[in-house]
Amino acid sequence: MKPLSYWLDTAPAFGCAETGSLPARCETAVVGGGFTGLSAALAMAREGIDVVVLEAGRVAGAASGRNGGHCNNGLVRQVATVAGAFGLDRARTFYQTFDQAVETVERVTLREGIDCDFRRSGKIQLAAKPSHFDSLIRTHGLLASGIDLQTSLVGPGDLSGEIGSTRFHGGLVYHQSAMLHPGRLGSGLARAAHRHGARIWENTEVTRWRRLGKGGHELETAMGTLEAGNVLVATGAGTGPAFPHLHRRILAVGSFIIATEPLAQHVVDAIMPTRRTAVTTRHIGNYFRMAPDNRLIFGGRARFARSDPGSDMKSGRILARSLKQIFPILGDVRVDYCWGGMLDMTMDRLPRAGVIEGCHHAMGYSGHGVQMAVHMGEVMAKVMAGDVEANPWRDLAWPALPGHATRAALLPLAGAWFRLRDFVS
Ligand SMILES: Cc1cc2nc3c(=O)[nH]c(=O)nc-3n(C[C@H](O)[C@H](O)[C@H](O)COP(=O)(O)OP(=O)(O)OC[C@H]3O[C@@H](n4cnc5c(N)ncnc54)[C@H](O)[C@@H]3O)c2cc1C
């Protein structure tokens with residue numbers, strides 16, 4: 001079993017990173033070379049802005065190259081819950097921003113010729129309990145009232161046409177959802193940004209940020225100090241003490257994935273005949289899909305822990321057991337890859353973007369970042385050019401979290417809470 005992301009292992013390397021010291025100054029610096037930072041750099045470079053990307057590791061090497069490749073529409077939480085908190089009109093706007101985000105990925109990849117296997121596969125949400133199907137019926141009713149007319153229910157009796165497992169009690173299909181190869185998307189975005197004039201440094205961590213009195217910013221790295229007129233912080237779950245105002249706000253939670261060996265065609269037809277992205281309704285549930293070479297990519301929270309090599313392997317073993325419970329036909333299947341990554345979360349699972357202490361940011365996609373990070377990169381390029389209204393998340397409060405230093409230690413407690421909620425639901 002390879003302890004690395006299948007997507008990063010099967011994507012072409014970026015290969016165009018700058019070498020040598022940083023320039024003394026640039027118009028805009030983007031900190032973080034994941035989907036948010038790369039998409040922003042691409043949009044800015046296309047407008048002729050002198051943009052420099054500073055990435056601590058390799059481009060798209062963190063969450064952007066380690067996710068499930070689900071490019072889904074729909075909110076992370078139930079639309080009724082979001083409507084309860086923000087009102088129906090805003091819930092509709094938030095929901096439809098995810099529709100637009102899937103369109104953004106489709107448009108950008110087509111325009112830039114990025115071959116990342118983007119496909120409008122649709123997503124199926126699978127009811128893990130009979131009571132969860134009742135909830136899906138209510139969600140479908142609300143969506144059909146004018147939020148999303150492209151969803152359909154699959155009753156328990158018809159589910160075998162969608163999924164070869166007896167574990168589920170019905171489903172809800174979101175037809176606008178898509179899937180893609182995130183490793184190819186990451187290197188494709190980086191190459192496109194570079195082609196349009198963005199300069200990208202890899203292995204260049206920003207260790208200190210300082211706001212300059214005259215209005216600009218100073219960024220310290222081992223490759224030199226850069227002065228920038230504007231800064232976009234696109235550091236996701238990796239946001240650290242160099243940006244204390246964001247570090248205090250973002251939550252980082254581990255998520256883990258395994259990839260099987262390539263499966264025979266008749267096995268794929270038996271387990272996922274419609275080849276959609278699939279998510280289960282539990283709080284500690286699973287998400288899965290087929291890769292283009294017929295591997296099953298199977299993920300989940302598995303454990304409430306940070307991602308590191310030991311933790312990824314432990315989680316991989318838990319995921320392999322869940323996979324075989326859901327699909328007994330895969331009893332003898334070999335697991336070829338196992339990896340983990342850190343999710344950028346917020347308490348209400350809605351993204352946050354805007355400007356704090358003169359520094360722009362976009363993050364907090366809470367497990368729905370493949371489409372939203374690409375979208376928000378473009379949006380933040382507009383916001384930084386003066387179109388503040390382009391940002392759909394601009395009015396959301398984002399208070400600092402108490403006790404952020406002890407957050408990692410509290411992860412197992414959060415896990416116990418969500419397990420209890422799954423048990424009683
Ligand atoms: C296991 C897993 C599965 C997921 N599955 C899905 C899915 O199927 N669908 C979906 O929509 N979303 C999914 N997500 C979420 C999604 O991948 C992320 O929300 C999205 O990729 C975030 O992109 P980003 O560019 O904002 O952040 P990242 O991809 O995390 O990029 C941030 C970058 O900033 C760099 N950085 C951090 N600090 C510094 C610094 N000080 N200086 C320089 N660089 C720095 C990091 O090295 C990193 O490369 C998943 C996430 C994980 C971890």
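Further up the page is the structure itself.
For every chain, the first residue of the written sequence is number 1, and numbering continues from 1 along that sequence. Totals for whole chains, interfaces and linings use all residues, but because this is a predicted model, local features are given only for residues with pLDDT of at least 70 and pairs of side-chain atoms are given and counted only at 80 or more. Only heavy atoms go into the side-chain values, all of them from the structure, while hydrogens and water stay out.

*Asks:* How do you make sense of the overall build of the protein when you look at a structure like this?
*Replies:* We count a stretch as a helix when DSSP gives it H or I for four or more residues in a row; a strand needs E for two or more, and each element gets its number in order from the N terminus. Counting secondary structure elements, the protein contains 11 helices and 18 strands. Within these notes, the globule rule equals 2.2 Å times the number of residues to the 0.38 power, and the radius of gyration is based on C-alpha atoms. A compact globule built from 425 residues should have a C-alpha radius of gyration of about 22 Å, and the protein, at 21 Å, falls within 12% of that. Evaluated residue by residue, the protein yields a buried proportion of 57% over its 425 residues. Nonlocal contacts in the protein, meaning residues at least 24 apart in sequence, comprise 74% of its contacts between residues at least 6 apart. Buried means the residue's accessible area, taken with a 1.4 Å probe over protein chains only, is under 20% of the maximum for its type, while exposed means over 50%, and partly exposed covers the values in between. Here a residue-residue contact requires only that any non-hydrogen atoms of the pair lie within 4.5 Å.

*Asks:* Would you mind going over the packing of aromatic side chains with me for this structure?
*Replies:* Given two aromatic rings, their pairing is described by the distance between the two centres and the angle made by the two planes. Within 6.5 Å between ring centres, the rings of Phe, Tyr and Trp (the latter by its six-membered ring) count as paired, and their orientation is classed by plane angle as stacked under 30 degrees, edge-to-face over 60, tilted in between. Summed over the entire model, instances satisfying the criterion amount to 8 aromatic pairs. With a centroid separation of 5.5 Å and an interplanar angle of 80 degrees, the aromatic rings of Phe-86 and Phe-94 are classed as edge-to-face. By relative accessible area, Phe-86 is classed as partly exposed at 24%. Ring centres of Phe-288 and Phe-298 lie 5.4 Å apart, and the angle between their planes is 20 degrees; on these two criteria the pair is classed as stacked. With Phe-288 in strand β14 (residues 286–290) and Phe-298 in strand β15 (residues 296–300), the pair connects residues that are 10 residues apart, well separated along the chain. Here the aromatic residues Phe-86, Phe-94, Phe-98 and Trp-393 are joined through ring pairs into a cluster of three or more. The rule for a charge over a ring is simple: NZ of Lys or CZ of Arg within 6 Å of the ring centre, and within 35 degrees of the ring normal. Lying across the ring of Tyr-174, Lys-123 places its NZ or CZ 4.2 Å from the centre.

*Asks:* Would you mind showing me how to read the pattern of salt bridges here?
*Replies:* Opposite charge on two side chains allows them to pair when their charged atoms are near. Salt bridge criterion: a side-chain nitrogen from Lys or Arg within 4 Å of a carboxyl oxygen from Asp or Glu. Tallied over the full model, the rule gives 20 salt bridges. Notably, a salt bridge pairs Lys-214 with Glu-227, separated by 3.2 Å at the nearest N-O pair. Placement of the pair is Lys-214 in the loop between β9 (208–211) and β10 (217–221) and Glu-227 in strand β11 (residues 224–233), with a sequence separation of 13 residues. On the basis of relative accessible area, Glu-227 is assigned to the partly exposed category, the value being 22%. For Asp-336, the salt bridge identified is with Arg-295, shortest N-O distance 2.7 Å. Taken as a pair, Asp-336 in strand β16 (residues 335–345) and Arg-295 in the loop between β14 and β15 lie far apart in primary sequence, 41 residues in all. By the burial criterion, Asp-336 is buried, and Arg-295 matches it. Taken together, the shared-partner salt bridges connect Glu-261, Asp-293, Arg-295, Arg-334 and Asp-336 into one network.

*Asks:* Before we go on, may I ask you to explain the sheet that holds strand β6 (residues 171–174) in this structure?
*Replies:* Strands in a sheet are paired, the pairing made by backbone hydrogen bonds, and the direction either parallel or antiparallel. Within the open sheet, the 8 strands sit side by side as β5-β6-β4-β13-β14-β15-β12-β16. Their pairing is mixed. Each end of this open sheet is capped by a strand with a single partner; those strands are β5 (151–154) and β16. Neighbour-to-neighbour, the strand axes of the sheet open up by a mean angle of 20 degrees, direction not taken into account. In this structure, strand β12 (residues 251–260) lies alongside β16, joined through 10 bridges in antiparallel fashion. Bridging from a neighbouring strand, Ser-255 pairs with Gly-341 of β16. Should DSSP find at least two bridges between two strands, the strands are taken to pair. For helices, the fitted axis covers only the stretch in contact; all axes are lines through C-alpha atoms, and the angles between them, taken along N-to-C directions, range from 0 to 180 degrees.

*Asks:* I keep staring at the site of the ligand and nothing clicks. Help me out?
*Replies:* As a matter of local geometry, the ligand sits amid 37 residues, with Thr-36, Glu-55, Ser-64, His-70 and Val-206 nearest to it. Counting of polar contacts relies on pairs of N or O atoms within 3.5 Å, with two restrictions inside protein: one atom must be capable of donating a hydrogen and the other of accepting it, and residues adjacent in sequence are counted only when both atoms are side-chain atoms. In this structure, an oxygen atom belonging to the ligand sits 3.0 Å away from a main-chain N or O atom of Phe-35. Contact distances for the ligand include 3.0 Å between a nitrogen atom and a backbone N or O atom of Gly-68. If the ligand stood free it would expose 1,000 Å²; the protein chains cover 94% of that surface. Listing elements by their share of the shell around the ligand, those giving two or more residues are α2 (35–46), β16 and α10 (369–384). Across the shell around the ligand, the residue classes break down as 14 nonpolar, 19 polar and 4 charged. We call a residue near a molecule or strand whenever a single non-hydrogen atom of that residue lies within 4 Å of it. Accessibility throughout is a Shrake-Rupley quantity obtained with a 1.4 Å probe, and a residue counts as covered only by protein chains that appear here. Classes in brief: Ala, Val, Leu, Ile, Met, Phe, Trp, Tyr, Cys and Pro nonpolar; Asp, Glu, Lys and Arg charged; the others, Gly included, polar.

Shape is all these values report; function is a separate question.
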